[in-house]
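# Report on the structure
The residues making up each chain are set out below.
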Amino acid sequence: MDMEPLQREFYTDSALEVAPKLLGHWLVRREKSRFLGGPIVEVEAYLENDPACHASAGKTARNSALWGPPGFGYVYFIYGMHYCFNAVCLPAGRAEAVLIRAIEPDLNPEIMREHRPRANFANLTNGPAKLCAALAITRRLDGTDLCRADSEVFLAKNLELDRFLAGRGPVEATPRIGISQAVEHPWRFILRRSPFLSRAVASRSRKPG
């Protein structure tokens, strides 16, 4: 399978700028000789000086990948049972990331269902923990270079991005969900018409910009 990873420069801006630009591009998991994944339809930005960002407590062994360089993966474990996958942004030494909240399960969904055998298709990858389970993403992949096609997980260009966005858009911004701090910021970005969003669109949603 020939897919071109997004380049390092894509991630050097703030997560608030990178997050909506990731919509429609592909999250790809290489598992042995197989590729799993699909286009990204929901993300959240976590910023410097953001109390909801893991960097707010300072650099630790657990969050060290969050501090760069950009274009690497940050995988964390939550609630003692779930993993979440993020793309790191900004130059090394600063700490921002985009949480990938949902994808459409287009690449080998039957294998993803082997990883989540009790999930029906509509709920296979419509949440950050669900997609990590479906793609077998764990802390072992923390710090993976997302800009290399030979990595076990990478983010790839959608060569039909405009058409995909036209079919799933518009892009809208809503408050982030599943957090208890800084909940007022509209830093969750979605493709409104995707059937794989983790939560229905709130009435407060708006177009970004």
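Throughout what follows, the structure given in this document is the object of discussion. (Residues numbered from 1 in each chain as written. Predicted model: local features only at pLDDT ≥ 70, side-chain atom pairs only at ≥ 80, totals over all residues. Heavy atoms only, no water.)

## What about the layout of surface pockets?
Our working definition: Lining residues are defined by having an atom within 4 Å of a point belonging to a cavity or pocket. Those points lie on a 1 Å grid over the protein atoms alone, cavities being sets where a 1.4 Å probe fits but cannot get out and pockets being open sets with protein on both sides within 12 Å along at least five of seven lines. Grid points are joined across faces, edges and corners, and a volume is the space filled by probe spheres set on the points. A run of H or I in DSSP becomes a helix once it reaches four residues, and a run of E becomes a strand once it reaches two; helices and strands are each numbered from the N terminus. Residue polarity follows a fixed list, in which Ala, Val, Leu, Ile, Met, Phe, Trp, Tyr, Cys and Pro are nonpolar, Asp, Glu, Lys and Arg are charged, and the others, Gly among them, are polar.
Of the volumes computed, that of the largest pocket is approximately 580 Å³. At the level of elements, strand 2 (34–46), strand 3 (73–78), strand 4 (82–89), strand 5 (96–103) and helix 3 (128–134) are the ones that each hand at least two residues to the lining of the largest pocket. Class assignment of the residues belonging to the lining of the largest pocket gives a composition of 16 nonpolar, nine polar and five charged.

## Examining the side chain of glutamate 104
Selection criterion: For the purposes of these results, a polar contact is taken to be a pair of N or O atoms within 3.5 Å, where, inside protein, one atom must be able to donate a hydrogen and its partner to accept one; residues adjacent in sequence count only when each atom of the pair is a side-chain atom.
Checked against the element boundaries, glutamate 104 lands in the loop between strand 5 and helix 2 (109–115). There is a polar contact of 2.8 Å between the side chain of glutamate 104 and the side chain of arginine 168. Within polar-contact distance, the side chain of glutamate 104 engages the side chain of serine 194 at 2.7 Å.

## Some words on the pattern of salt bridges
Counted only if it meets this: Note on definitions: salt bridges are taken to be side-chain nitrogens of Lys or Arg within 4 Å of carboxyl oxygens of Asp or Glu. Type-normalised accessible area, obtained with a 1.4 Å probe on protein chains alone, sets the label of each residue: buried when under 20%, exposed when over 50%, and partly exposed for intermediate values.
Under the criterion given, the structure shown has 16 salt bridges. As a salt-bridge pair, lysine 157 and glutamate 4 come within 3.1 Å of each other at their nearest N and O atoms. With a gap of 153 residues between them, lysine 157 in the loop between strand 6 (153–156) and helix 4 (161–168) and glutamate 4 in the segment before helix 1 (15–22) connect regions that are remote in the sequence. A residue is classified by how much of its surface remains accessible, and lysine 157, at 31% relative accessible area, is partly exposed. Glutamate 104 serves as the salt-bridge partner of arginine 168, at 2.8 Å between the closest nitrogen and oxygen. Taken together, the residues arginine 168 in helix 4 and glutamate 104 in the loop between strand 5 and helix 2 connect sequence positions 64 residues apart. A relative accessible area of 25% places arginine 168 in the partly exposed class. Bridged by salt links that share partners, the residues Glu42, Glu44, Arg101 and Arg188 form one connected network.

## Quick look at helix 1
Selection rule: What the arc measures is the spread of directions leading from the helix axis to the C-beta atoms. In this description, contact between two residues means that some pair of their heavy atoms is separated by no more than 4.5 Å.
When helix 1 is considered as a whole, its buried residues turn out to be Ala15, Val18, Ala19 and Leu22. Each buried residue of helix 1 lies within a common arc of 105° when the element is viewed along its axis, so the set occupies one face. Looking at the packing, one finds that the buried side of helix 1 touches strand 2, strand 4, strand 5, strand 6 and strand 8 (188–191). One or two steps after helix 1, the chain reaches glycine 24, where phi turns positive at roughly 95°.

## Quick notes on the side chain of glutamate 31
Note that glutamate 31 resides in strand 1 (residues 26–31). A relative accessible area of 12% means that glutamate 31 is categorised as buried. Looking at glutamate 31, its side chain comes within polar contact range of the side chain of arginine 34, at 2.5 Å. When neighbours within four sequence positions are excluded, glutamate 31 is seen to be in contact with Leu36, Ile111, His115 and Ala136.

## Description of the nonpolar core
Keep this limit in mind: Note on terminology: a nonpolar core comprises buried Ala, Val, Leu, Ile, Met, Phe, Trp, Tyr and Cys residues joined through side-chain atoms within 4.5 Å.
The biggest cluster of nonpolar side chains holds 45 residues, and the ones touching the most others in it are Tyr11, Leu27, Phe85, Val98, Ile100 and Leu155. When contributions to this core are tallied by element, the ones reaching two or more residues are helix 1, strand 2, strand 4, strand 5, helix 2, helix 3, strand 6 and strand 8. When near neighbours in sequence (up to four residues on either side) are disregarded, valine 98 contacts Ala15, Val18, Ala19, Leu22, Val43, Glu44, Phe85, Asn86, Ala87 and Cys89. In this structure, Ala52, Ala55, Cys84 and Val88 belong to the second largest nonpolar core, which totals 14 residues.

## Looking at the environment of leucine 107
Its location among the elements puts leucine 107 in the loop between strand 5 and helix 2. Residue class for leucine 107 comes out buried when judged on its relative accessible area of 14%. Residues leucine 107 and alanine 61, 46 residues apart in the sequence, show an inter-C-alpha distance of 33 Å.

## Remarks on unusual backbone geometry
Between glycine 68 and proline 69 the backbone carries a cis peptide bond, its omega angle lying at 5°. Here the bond from glycine 169 into proline 170 is cis, since omega is 10°, no more than 30 degrees from zero. Along the polypeptide, proline 170 turns up in the loop between helix 4 and strand 7 (171–174). Phi is positive for alanine 136, which is not a glycine, with a value near 55°. Checked against the element boundaries, alanine 136 lands in the loop between helix 3 and strand 6. Overall, alanine 136 belongs to the partly exposed group, its relative accessible area being 23%. Of note, the phi angle at alanine 182 is positive, near 55°, even though the residue is not glycine.

Functional significance is not addressed by these values, which are geometric in nature.
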